[in-house]
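# Fold and contact review
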Amino acid sequence: STGYCHVLDLSGNVCAAISTQTRRTQGISMNQVAERYFGVWKRSLIQYRSGRSDSETAVYWLQTPRLFADLRIPSISLPSLALEDLSHSQQLALCEQQGFAGVTQVDEDICQWHRKLDYQPVNDEEDIGRMHFETSERLVETALDESYYEIWERLPDSLGSCRGQWLKAVDEPSHQGCLLLAGDYFIFAASRPTPITPGTHLREKFGEPENSFNPAS
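I will try to describe carefully the structure that is included in this document.

### Describing the environment of Ile73
- Counting through the fold element by element, Ile73 comes out in strand β8 (residues 67–73).
- With 24 residues separating them along the chain, Ile73 and Gln97 place their C-alpha atoms 5.0 Å apart.
- What Ile73 contacts, discounting residues up to four positions off in sequence, is Thr57, Ala58 and Gln97.

### What to know about the side chain of Gln63
- Topologically, Gln63 is positioned in strand β7 (residues 58–63).
- By relative accessible area, Gln63 is classed as buried at 0%.
- Among all residues touching Gln63, those that are not within four sequence positions of it are Val33, Tyr37, Phe38, Gly39, Phe68, Thr104, Trp113 and Cys162.

### Section: the nonpolar core
- Counting residues in hydrophobic clusters, the biggest one holds 28 residues, and the most contacted among them are Tyr37, Trp61, Met131, Leu139 and Cys178.
- At the level of elements, β5 (39–48), β7, β8, β9 (98–107), β10 (110–118), β11 (128–135), β14 (162–169) and β15 (176–182) are the ones that each hand at least two residues to this core.
- Beyond its immediate stretch of four places on either side in the chain, Leu139 contacts Tyr37, Trp41, Trp61, Met131, His132, Phe133, Glu150, Ile151 and Trp152.

### Observations regarding the packing of aromatic side chains
- By the definition in use, this model includes eight aromatic pairs.
- On the basis of an interplanar angle of 90° and a centroid distance of 5.5 Å, the ring pair of Trp61 and Trp113 is categorised as edge-to-face. Of this pair, Trp61 sits in strand β7 while Trp113 sits in strand β10, placing them 52 residues apart in sequence.
- In this structure Trp61 comes out as buried when scored by relative accessible area, which is 2%.
- Judged by its relative accessible area of 7%, Trp113 is buried.
- Site record: aromatic cluster; members linked through ring pairs are Tyr37, Trp41, Trp61, Trp113, Phe133 and Trp152.
- Its end group placed over the ring of Tyr48, Arg52 keeps NZ or CZ at 4.0 Å from the ring centre.

### Focus on the environment of Asp124
- Counting through the fold element by element, Asp124 comes out in the loop between β10 and β11.
- In sequence terms Asp124 and Gly199 are 75 residues apart; their C-alpha atoms lie 9.2 Å from each other.

### Quick word on unusual backbone geometry
- The phi dihedral of Glu108 falls on the positive side, at around 55°, and the residue is not glycine.
- When you line up the elements, Glu108 lands in the loop between β9 and β10.
- Classification of Glu108 as exposed rests on a relative accessible area of 76%.
- One non-glycine residue, Glu146, lies in the positive phi region at around 60°.
- Mapped onto the elements, Glu146 comes out in the loop between β12 (138–142) and β13 (148–154).

So, how was this worked out
Every chain's residues receive numbers from 1 upward, in the order its sequence appears when written. The model is predicted, so local features are restricted to residues of pLDDT at least 70 and side-chain atom pairs to those at 80 or more, both for listing and for counting; the totals for chains, interfaces and linings are taken over all residues. Water and hydrogen atoms were dropped before computing side-chain values, which therefore reflect all heavy atoms in the structure. In DSSP terms, a helix is any run of H or I states spanning at least four residues, a strand is any run of E spanning at least two, and both are numbered starting from the N terminus. Contacts between residues were defined by any pair of non-hydrogen atoms, one from each residue, lying within 4.5 Å. Categorising residues by exposure relies on relative accessible area from a 1.4 Å probe, with only protein chains included: less than 20% of the type maximum marks a residue as buried, more than 50% marks it as exposed, and the intermediate range marks it as partly exposed. To qualify as a nonpolar core, a set must consist of buried Ala, Val, Leu, Ile, Met, Phe, Trp, Tyr and Cys residues joined through side-chain atoms within 4.5 Å. The aromatic pairing rule takes the rings of Phe, Tyr and Trp, using the six-membered ring of Trp, and pairs them if the centres are within 6.5 Å, calling planes under 30 degrees apart stacked, those over 60 edge-to-face and the rest tilted. Lysine NZ or arginine CZ positioned within 6 Å of the ring centre and within 35 degrees of the ring normal marks a charge as sitting over the ring.

If you want it as structure tokens, here you go:
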């Protein structure tokens, strides 16, 4: 079944909230993921086969029964200024952020995240990994080709109520978003007012200093 209600998103748009009880969202099968995945997971390490590693980027993954959201913020110090007051290099630093949301699909120990909203330009790369629970609160994700592994640890305050709602603007159906809740945490994600063309990285869209593209809009 599919349920609808009307909500007001943070940009003032009236939206139809599509119940996640429906079996499909945006063409992706929505079988509920196992409860052991629920909550907010913080990445403590990513280690690449090349030897490169990263334990400084703040990475959070919020998982509900079907929907997920992921936020990745590099450890770059920026002044507390309006976007237009930042230098070009500082604005480019904002382009290094990542954020995406969509539907999670789990088949045995294989987890795939189907991105439906993305801060970065859309590309053809699959987001998929093999999952291993070392404990109930510590999870290791390994690339299918073993090119990297990530260590995730669940935040204790993220246990409890866990739900997600997919949103679509009533007056502009192409404007979509989602609101996810896990314990004491939530993430709200929304599509850009003006879509950006597919590509490899946001900094390439931002371009040279005279480019008027806004990385935060």
